[in-house]
Amino acid sequence: MFTIGTERFVDADGDKSLLMAIDIHEDGDFLQFVCPRLYNLRECPHKAAAFEAALVMAWRTKSVGYEYHPESGELRAVFELPLEDSMLTERQMARIVKTVYDLIETYDPVIRHAMKTGKVDMERTKHAEPDEEAVKNQEVSELIRQLGGLDKLREMASQNRAPGS
């Protein structure tokens with residue numbers, strides 16, 4: 001797991017940071033990039049609106065989905081990537097992390113508004129901070145470095161592969 005500093009998103013502890021984990025499944029053939037504990041909907045009076053906002057966001061992005069755990073109330077973002085027999089490149093990993101980050105930064109005001117008011121207002125995305133591409137790319141590269149680089153991720157994936165796969 002690693003954290004990314006954010007401009008808009010505020011976690012449950014009040015920090016401007018986003019937690020992300022990379023889970024390896026199916027003997028290294030399948031990766032999940034997960035942002036756990038984004039929102040707690042356990043006591044949310046407008047759960048249906050929050051779900052609607054999450055579904056609209058997932059539909060608009062095509063690559064990031066949401067999962068809901070009914071017992072804990074956790075709503076999380078998930079990017080799933082089947083690797084099968086291919087290798088993840090640094091560029092692919094940077095794009096995935098940036099896509100998930102941008103989605104959460106852009107749509108956080110929409111989902112929080114839905115949670116508070118019961119209304120899904122997609123206009124709230126228009127107040128997003130301007131995207132500073134160079135800064136974000138530098139942050140993503142730093143995150144990859146903190147994870148041990150792509151070679152470390154590849155090593156982890158190969159260690160989790162079944163013999164003969």
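In what follows, the accompanying structure is described.

What counts as what
- Residues numbered from 1 in each chain as written.
- Predicted model: local features only at pLDDT ≥ 70, side-chain atom pairs only at ≥ 80, totals over all residues.
- Heavy atoms only, no water.
- Pairing = 2+ DSSP bridges.
- Helix = DSSP H or I, 4+ residues; strand = E, 2+ residues; numbered from the N terminus.
- Axes fitted to C-alpha atoms, helices over the stretch in contact; angles between N-to-C directions.
- Contact = heavy atoms within 4.5 Å.
- Core = buried A, V, L, I, M, F, W, Y, C linked by side-chain atoms within 4.5 Å.
- Buried < 20%, exposed > 50% of the residue type's maximum accessible area, 1.4 Å probe, protein only.
- Phe/Tyr/Trp six-rings, centres within 6.5 Å; stacked < 30°, edge-to-face > 60°.
- Salt bridge = Lys/Arg side-chain N within 4 Å of Asp/Glu carboxyl O.

A short note on the sheet that holds strand β4 (residues 65–69)
Strand pairing in a sheet relies on backbone hydrogen bonds, with the paired strands running either antiparallel or parallel. A sheet is described by the order of its strands in space; here five strands give the open sequence β1-β2-β3-β5-β4, paired in antiparallel fashion. In this open sheet, the two strands that pair with only one neighbour each are β1 (2–5) and β4. Neighbour-to-neighbour, the strand axes of this sheet turn through a mean angle of 30°, independent of strand direction. Where strand β3 (residues 30–40) and strand β5 (residues 74–82) come together, eight bridges link them in antiparallel fashion. Across the sheet, residue L31 finds its bridge partner in β5, namely L81. Strand contacts of helix α2 (residues 90–117): β1, β2 (17–25), β3, β4 and β5, with the helix running at about 25° to β3, the strand carrying the most contacts.

Regarding the nonpolar core
Core analysis: the largest hydrophobic core is formed by 42 residues, its most contacted members being F33, L38, Y66, L88 and I104. Every element with two or more residues in this core is listed here: β1, β2, β3, α1 (47–61), β5 and α2. Among the elements that make up this core, the one with the highest residue count is α2 (twelve residues).

Comments concerning the packing of aromatic side chains
Applying the stated criterion across every chain, the model contains three aromatic pairs. On the numbers, 6.0 Å between centres and 85° between planes, the contact of F9 with Y39 is edge-to-face. Of this pair, F9 sits in the loop between β1 and β2 while Y39 sits in strand β3, placing them 30 residues apart in sequence. Y39 carries the same exposure label as F9, and that label is buried. Judged by centre distance (4.8 Å) and plane angle (70°), the ring pair of F51 and Y68 falls under edge-to-face. With F51 in helix α1 and Y68 in strand β4, this pair connects stretches of sequence that are 17 residues apart. With relative accessibility at 28%, the residue Y68 sits in the partly exposed group.

As for the pattern of salt bridges
Opposite charge on two side chains allows them to pair when their charged atoms are near. Under the defined criterion, the tally for this structure stands at five salt bridges. Between E74 and R76 there is a salt bridge whose closest N-O contact spans 3.0 Å. Given a relative accessible area of 22%, R76 falls into the partly exposed group. For D121, the salt bridge is made with R124, and the minimal N-O distance between the two is 3.7 Å. The exposure class assigned to D121 is partly exposed, which follows from its relative accessible area of 26%. Judged by its relative accessible area of 30%, R124 is partly exposed. Counted as one network, the salt bridges with shared partners bring together E67, E74 and R76.

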